[in-house]
Amino acid sequence: MGDGMILEIKNVSFDYPDKNILKDVSFQVEEGDFLCILGSNGTGKSTLLKLILNLLKLQKGEILIDGIPSRRFKNYSDIAYVSQKATGFNQDFPATVFEVVRSGLYSVRGFMKFSAKEDRAKVEEALKKVGMLEYRDRLIGNLSGGQQQRVFIAKAIVSDPKIIFLDEPTVGIDVNAVDSICCLLGGLNLSGYTIIMVTHDLSSVIHHSNKVLLLSENEPCRIYKTEDFLKQNYSTHYHHHKEEP
């Protein structure tokens, strides 16, 4: 575990025209953390991620990434984002696994030329980390949902970020693949990546995390160490998340 503060959220509030959705949210993430963000629909989980990633404009409060205000943060290779698979992807897109992962390099540095050899090495290393190297020449649309999501995680880590943000990465994925995706993320966290994940699949991911942020509509947000959260909340509030074996 690192001990550097990598993300600070200070008194962040956000209103949509018809609804107050985040109210005075504050928490901190240190290097090496695996934070699960929980809350029922409408509590602002995805909105919070979008504010951190500058996809929405901050209205109130402050967000610091590596000590830099998020609106001025320009080290894009330090942060990676994996969206919900089901919503962000055209199945007919005729790209190979290799091409999809390589595009993660371009999105970070523009089309600055690195050698094809360097690119190939980086892409293959990322695919190896997610267990998808032998699929590199397959068309992405021909893979299962769980395999596709592994490829998108490889695309996220190909630029070697410090933090990986994931928005419900197991939505729409076969239940048997969910556990293996969560184990993969746990392994990436142990190898040094800081992970911040909005999730509903609590039973699959909770034991890989070390912190839990709970967003509620009518109560202040709370951050817990995972073991404290499990003692206090899991059996009562989140029993319905548990999947039948």
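What counts and what doesn't
- Residues numbered from 1 in each chain as written.
- Predicted model: local features only at pLDDT ≥ 70, side-chain atom pairs only at ≥ 80, totals over all residues.
- Heavy atoms only, no water.
- Salt bridge = Lys/Arg side-chain N within 4 Å of Asp/Glu carboxyl O.
- Helix = DSSP H or I, 4+ residues; strand = E, 2+ residues; numbered from the N terminus.
- Buried < 20%, exposed > 50% of the residue type's maximum accessible area, 1.4 Å probe, protein only.
- Expected span 1.5 Å × (residues − 1).
- Contact = heavy atoms within 4.5 Å.
- Pairing = 2+ DSSP bridges.
- Axes fitted to C-alpha atoms, helices over the stretch in contact; angles between N-to-C directions.
- Core = buried A, V, L, I, M, F, W, Y, C linked by side-chain atoms within 4.5 Å.
- Phe/Tyr/Trp six-rings, centres within 6.5 Å; stacked < 30°, edge-to-face > 60°.
- Lys NZ or Arg CZ within 6 Å of the ring centre and 35° of its normal.

(A) Summary view of the pattern of salt bridges. Under the defined criterion, the tally for this structure stands at 9 salt bridges. Residue Glu30 is joined to Lys211 by a salt bridge in which the shortest nitrogen-to-oxygen separation is 3.5 Å. With Glu30 in strand β2 (residues 19-30) and Lys211 in strand β9 (residues 211-214), this residue pair connects regions lying 181 residues apart in the sequence. Relative accessible area serves as the criterion here: at 27%, Glu30 is assigned to the partly exposed category. Notably, a salt bridge pairs Arg120 with Glu124, separated by 3.2 Å at the nearest N-O pair.

(B) Expanded view of helix α5 (residues 175-190). Look at α5: 24 Å from first C-alpha to last across 16 residues, which is about the 22 Å you get at 1.5 Å a residue. Turning to α5, its buried residues number three or more, namely Ala177, Val178, Ile181, Cys182, Leu184, Leu185, Gly186, Leu188 and Asn189. Where α5 is buried, its residues contact β3 (34-38), α3 (116-129), α4 (145-157), β7 (163-167), β8 (194-198) and α6 (202-205). Immediately downstream of α5, the backbone of Gly192 shows phi near 120 degrees, a positive value.

(C) The arrangement of the sheet that holds β9 in detail. Strand order in this open sheet of 6 strands is β6-β7-β8-β3-β9-β10, and the pairing throughout is mixed. Two strands lie at the open edges of the sheet, namely β6 (79-82) and β10 (222-225), each paired on one side alone. Each strand of the sheet is rotated relative to its neighbour by a mean of 15 degrees, with strand direction disregarded. As paired elements, β3 and β8 share 4 bridges and run parallel to each other.

(D) How the structure looks around the nonpolar core. Formed by 39 residues in total, the largest nonpolar core has its most connected members in Ile153, Leu185 and Ile195. Among the elements of the structure, β3, β6, α2 (97-109), α3, α4, β7, α5 and β8 are those that each provide at least two residues to this core. Element by element, the count of residues in this core is highest for α5, at 7 residues. Among residues more than four places away in sequence, those in contact with Leu185 are Phe34, Ile153, Leu166, Ile195 and Met197. Counting 28 residues, the second largest nonpolar core, distinct from the first, contains Leu7, Ile9, Phe14 and Cys221.

(E) Main features of unusual backbone geometry. Even without glycine at this site, Asn11 takes up a positive phi of about 50 degrees. Tracing the sequence through the fold places Asn11 in strand β1 (residues 5-16). A positive phi angle is found at Asn54, which is not glycine, with a value near 65 degrees. Mapped onto the elements, Asn54 comes out in the loop between α1 (45-52) and β4 (60-65).

(F) Broad picture of the packing of aromatic side chains. As enumerated under the stated definition, the model contains 2 aromatic pairs in all. For the ring pair Phe14 and Tyr16, a centre distance of 4.9 Å and an interplane angle of 80 degrees mean the geometry is edge-to-face. Phe14 gets classed as buried once you look at its relative accessible area, which sits at 4%. Accessibility expressed as a relative area gives 31% for Tyr16, which makes it partly exposed. For the ring pair Tyr224 and Phe229, a centre distance of 5.4 Å and an interplane angle of 65 degrees mean the geometry is edge-to-face. Its guanidinium or amino end placed over the ring of Phe98, Arg120 lies 4.5 Å from that ring's centre, counting from NZ or CZ.

(G) Focus on the pairing of β8. The buried fraction of β8 is high, at 5 of 5 residues. By the alternation rule, side chains of β8 split into Thr194, Ile196 and Val198 and Ile195 and Met197, which are all buried. When β7 meets β8, the two strands line up parallel, connected through 5 bridges. When the bridges of β8 are listed, Ile163 appears paired with Thr194.

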